[in-house]
Amino acid sequence: MNITLIGSGYVGLVTGTCFAELGNQVVCLDVDKRKIDLLNSGGVPIYEPGLQELIARNAAAGRLRFTTDVQDAVAHGDVLFIAVGTPPDEDGSADLKHVLAVARDIGRWMQGFKIVVNKSTVPVGTADKVAQAISAELEARGHSPNQAGPQDGNIPSFAVVSNPEFLKEGAAVEDFMRPDRIVIGVPGSEAGNRAREAMRVLYAPFNRNHDRTYFMDVRSAEFTKYAANSMLASRISFMNELANLAEQVGADIEMVRHGIGSDPRIGFNFLYAGVGFGGSCFPKDIQALIKIGQEHNSRLRILEAVNEVNDRQKLVLTDKIIRRFGDSLKGRHFALWGLAFKPNTDDMREAPSRAIIKALVERGATICAYDPIATEVAKQCLAQDFAAAPELLKAITYSDSHFEALNSADALVIVTDWKSFKSPDFSEVKARLSEPLLFDGRNLYEPEAMAELGIEYYGIGRSNGH
Ligand code: NAD
């Protein structure tokens with residue numbers, strides 16, 4: 001099939017590349033010329049395991065190309081995926097300006113029948129707005145679009161489908177190639193039926209073992225994505241709140257996690273206490289769903305609490321540091337392991353490390369940070385965070401060795417659970433720190449083992465009273 005991805009970020013690039021890997025002819029479009037130039041010169045703008053090799057292979061095979069030319073990209077695809085960002089507006093609702101700009105581009109250039117697939121995470125009802133934006137452009141071109149039935153020849157007609165994406169950054173290629181489920185919302189019309197059949201064929205290679213596709217109406221598909229992210233974020237905030245209480249009552253949240261996760265109705269996934277969730281999706285999607293609830297007089301109290309708990313949790317580790325050293329951290333120097341919001345990605349959007357670094361530096365501390373992948377992206381994000389007080393940026397240095405980052409630090413602060421942090425040589429850690437002191441925001445280690453090693457250890461919700 002001929003496929004176009006409009007928006008070549010985490011979702012668009014992974015989706016396009018994976019469809020090319022299955023033999024489709026794919027064009028990836030972006031407005032960001034630097035991104036497209038980089039891709040055309042063999043570079044990859046994001047870090048995602050396995051992606052670089054896949055892009056190189058499919059580009060070399062002539063199945064995958066990159067462009068900034070909207071007319072060319074719209075002409076190429078029988079299926080046009082919208083995969084642009086939907087950042088939060090000032091009031092928390094999803095900002096649809098990029099999605100609707102793409103819809104207008106499609107309406108401006110399309111010929112014949114197009115299946116327009118919304119992969120961006122969008123509020124319920126967005127497919128209707130996309131259809132309206134396309135129709136308005138078609139009318140401006142003198143066509144009267146008939147969504148009820150695809151027309152013959154080159155007369156433009158279309159169907160708008162919702163196909164939310166569930167990939168996880170850090171495992172995006174694997175998730176896309178082996179999805180748990182494929183959710184597809186199609187309109188109940190003749191054009192919708194044609195789109196449904198095309199989507200079935202497009203996704204058939206993912207369904208060989210068993211059918212993973214859930215066809216539904218468009219609004220339910222749009223809602224499903226927000227519901228999934230909200231449920232996952234709720235589990236995290238729930239565990240974080242219990243972790244904070246566990247510390248007060250002398251219980252260990254890690255034991256509790258095992259005790260409840262073994263119940264199949266609960267399960268072990270997404271039950272980790274830590275420094276809160278971040279990333280480009282959970283925070284904004286929860287805000288957006290809260291806003292949708294407000295607009296429909298259906299307040300989502302649980303989700304409001306999920307957000308509130310998360311904002312507080314990002315500073316739990318800093319609170320522990322302040323309790324240990326006092327309110328002023330002037331003259332204190334910390335090693336910080338992990339900048340990305342989670343392992344295996346360079347994504348720094350809403351990363352807890354940003355809140356932690358800000359709080360420490362504003363109290364006078366200096367930091368040497370190490371991250372296996374995200375350092376360059378982190379530098380740009382922190383420059384934005386400190387735009388009002390750029391002199392504070394000098395307090396942050398970076399190391400390309402996790403051990404060197406420890407040199408002469410008053411403590412090690414762990415923020416992201418990269419695999420390579422799980423079993424460090426603790427004698428080396430102790431030797432390099434000026435004090436054997438560890439603040440572990442991801443509960444990577446056991447308090448008893450740390451005590452035996454002579455390391456003063458602070459985890460999240462652990463029973464050693466810290
Ligand atoms: P991203 O910011 O990485 O990429 C979006 C891209 O769209 C950018 O490269 C941008 O330049 C481009 N763009 C913006 N306007 C454009 C236009 N008019 N024409 C062409 N390109 C345009 O975003 P992302 O992380 O890939 O997320 C995209 C959508 O997918 C969002 O709605 C997000 O919520 C959703 N989503 C993201 C993830 C994830 O893990 N990142 C997972 C599932 C769903």
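Taking an unreviewed UniProt entry as the reference, the protein is identified by name as UDP-glucose 6-dehydrogenase belonging to Allopusillimonas soli. In its Pathway (unreviewed entry) section, UniProt records this for the protein: "Nucleotide-sugar biosynthesis; UDP-alpha-D-glucuronate biosynthesis; UDP-alpha-D-glucuronate from UDP-alpha-D-glucose: step 1/1." Within the UniProt record for the protein, the comment given under Catalytic activity (unreviewed entry) is "UDP-alpha-D-glucose + 2 NAD(+) + H2O = UDP-alpha-D-glucuronate + 2 NADH + 3 H(+)".

(A) The overall build of the protein, seen in detail. Each helix and strand in the protein was counted, giving 17 helices and 14 strands. In terms of overall size, the protein behaves like a compact globule, its C-alpha atoms giving a radius of gyration of 24 Å where 466 residues would be expected to give roughly 23 Å. Projected onto its principal axes, the C-alpha coordinates of the protein cover approximately 75 × 45 × 45 Å. Across the 466 residues of the protein, 46% fall into the buried class.

(B) Examining the UniProt feature "binding site: substrate" (unreviewed entry) in the protein more closely. Per the UniProt record, "binding site: substrate" (unreviewed entry) is found at Phe-166, Leu-167, Lys-168, Glu-169, Lys-225, Phe-270, Leu-271, Tyr-272, Ala-273, Gly-274, Gly-278 and Lys-342. Across 177 residues, the annotated set is spatially dispersed, with a maximum C-alpha separation of 23.9 Å. Beyond its immediate stretch of four places on either side in the chain, Phe-166 contacts Asp-175, Pro-179, Asp-180 and Ala-228. Structurally, Glu-169 is set in the loop between β6 (157-162) and α7 (172-177). Apart from residues lying up to four places away in sequence, Glu-169 is in contact with Tyr-10, Gly-279, Thr-345 and Asp-347.

(C) Geometry of helix α8 (residues 190-203). End to end, α8 covers 20 Å across 14 residues, agreeing with the expected 20 Å (1.5 Å per residue, within 8%). Of the positions making up α8, those classed as buried are Ala-191, Gly-192, Ala-195, Arg-196, Met-199 and Leu-202. Along the axis of α8, the buried positions cluster into a sector of 140°, meaning they face one direction only. Residues Glu-197 and Val-201 are exposed on α8 and point more than 90 degrees away from its buried face. Where the residues of α8 are buried, they touch β4 (79-82), β5 (113-118), β6, β7 (182-185) and β8 (213-216).

(D) Structural context of the UniProt feature "binding site: NAD(+)" (unreviewed entry) in the protein. The UniProt record annotates "binding site: NAD(+)" (unreviewed entry) at Asp-30, Lys-35, Thr-86, Thr-121, Glu-169, Lys-284 and Arg-349. Spanning 320 residues, the annotated positions stay apart in the fold, the maximum distance between their C-alpha atoms being 23.8 Å. As for its position among the elements, Lys-35 is in helix α2 (residues 33-40). Looking at Lys-35, the number of C-beta atoms within 10 Å reads 20, which means it is buried. Apart from residues lying up to four places away in sequence, Lys-35 is in contact with Ser-8, Asp-30 and Pro-45. Take Arg-349: it is sitting in the loop between β9 (333-337) and α14 (352-362). Setting aside residues up to four positions removed in sequence, Arg-349 forms contacts with Gly-279, Ser-280 and Phe-341.

(E) Structural view of the environment of Leu-202. Summarising the element assignment, Leu-202 is placed in helix α8. Separated by 199 residues in sequence, Leu-202 and Ile-3 place their C-alpha atoms 9.6 Å apart. Leave out the neighbours within four places in its chain, and Leu-202 touches Met-1 and Val-79.

(F) Highlighting the nonpolar core. Judged by nonpolar contacts, the single largest core of 129 residues is most densely connected at Ile-6, Val-116, Val-161, Leu-412 and Val-413. Top contributing element to this core by residue count: helix α9 (residues 218-249), with 9 residues. Mapping this core onto the domain boundaries places at least three of its residues in each of domain 1 (2-216) and domain 2 (314-458). Those residues in contact with Val-413 that sit more than four places away from it in its chain are Leu-317, Phe-334, Ala-335, Leu-336 and Phe-439.

(G) Looking closely at the site of the ligand. Close contacts around the ligand come from 26 residues, with Gly-7, Gly-9, Val-11, Ser-120 and Thr-121 the closest. Of all the secondary-structure elements, those providing two or more residues to the shell around the ligand are α1 (10-21) and α5 (97-109). Of the residues that constitute the shell around the ligand, the class distribution is 11 nonpolar, 10 polar and 5 charged.

(H) A look at the pairing of strand β12 (residues 411-414). Of the two faces of β12, both are covered, the one formed by Ala-411 and Val-413 as well as the one formed by Leu-412 and Ile-414. Sheet topology note: the β12/strand β13 (residues 437-440) ladder contains 3 bridges and is parallel. Paired with Leu-412 across the bridge in β13 is Leu-438. Between the parallel pair β12 and β13, the chain is carried across by helix α16 (residues 426-432), and the sense of this crossover is right-handed.

(I) Spatial organisation of the packing of α9 against helix α11 (residues 282-295). Two elements in contact, α9 and α11, have axes separated by 9 Å at closest approach and are oriented at 115°. In terms of orientation, α9 and α11 fall into the roughly perpendicular class. Read as a crossing pair, α9 and α11 show a hand that is left-handed. Facing Tyr-226, Asn-229, Ser-230 and Ala-233 of α9, the residues of α11 in contact are Phe-282, Asp-285, Ile-286, Ala-288 and Leu-289. Taken together, the residues of the contact of α9 with α11 sort by class into 6 nonpolar, 2 polar and 1 charged.

Cut-off values and rules
- Residues numbered from 1 in each chain as written.
- Predicted model: local features only at pLDDT ≥ 70, side-chain atom pairs only at ≥ 80, totals over all residues.
- UniProt positions renumbered as here; feature names shortened; annotations may be inferred.
- Helix = DSSP H or I, 4+ residues; strand = E, 2+ residues; numbered from the N terminus.
- Rg over C-alpha atoms; globule rule 2.2 N^0.38 Å.
- Buried ≥ 20, exposed ≤ 12 C-beta atoms within 10 Å, placed from the backbone.
- Contact = placed C-beta atoms within 7 Å.
- Expected span 1.5 Å × (residues − 1).
- Arc of directions from axis to C-beta.
- Core = buried A, V, L, I, M, F, W, Y, C linked by C-beta atoms within 7 Å.
- Domains from an automatic or database assignment.
- Near = placed C-beta within 6 Å.
- Nonpolar A, V, L, I, M, F, W, Y, C, P; charged D, E, K, R; others polar.
- Pairing = 2+ DSSP bridges.
- Right-handed = clockwise from strand over helix to strand, strands pointing away.
- Axes fitted to C-alpha atoms, helices over the stretch in contact; angles between N-to-C directions.
- Parallel < 35°, antiparallel > 145°, perpendicular 65-115°, else oblique.
- Left-handed = near helix turned anticlockwise from the far one by under 90°.

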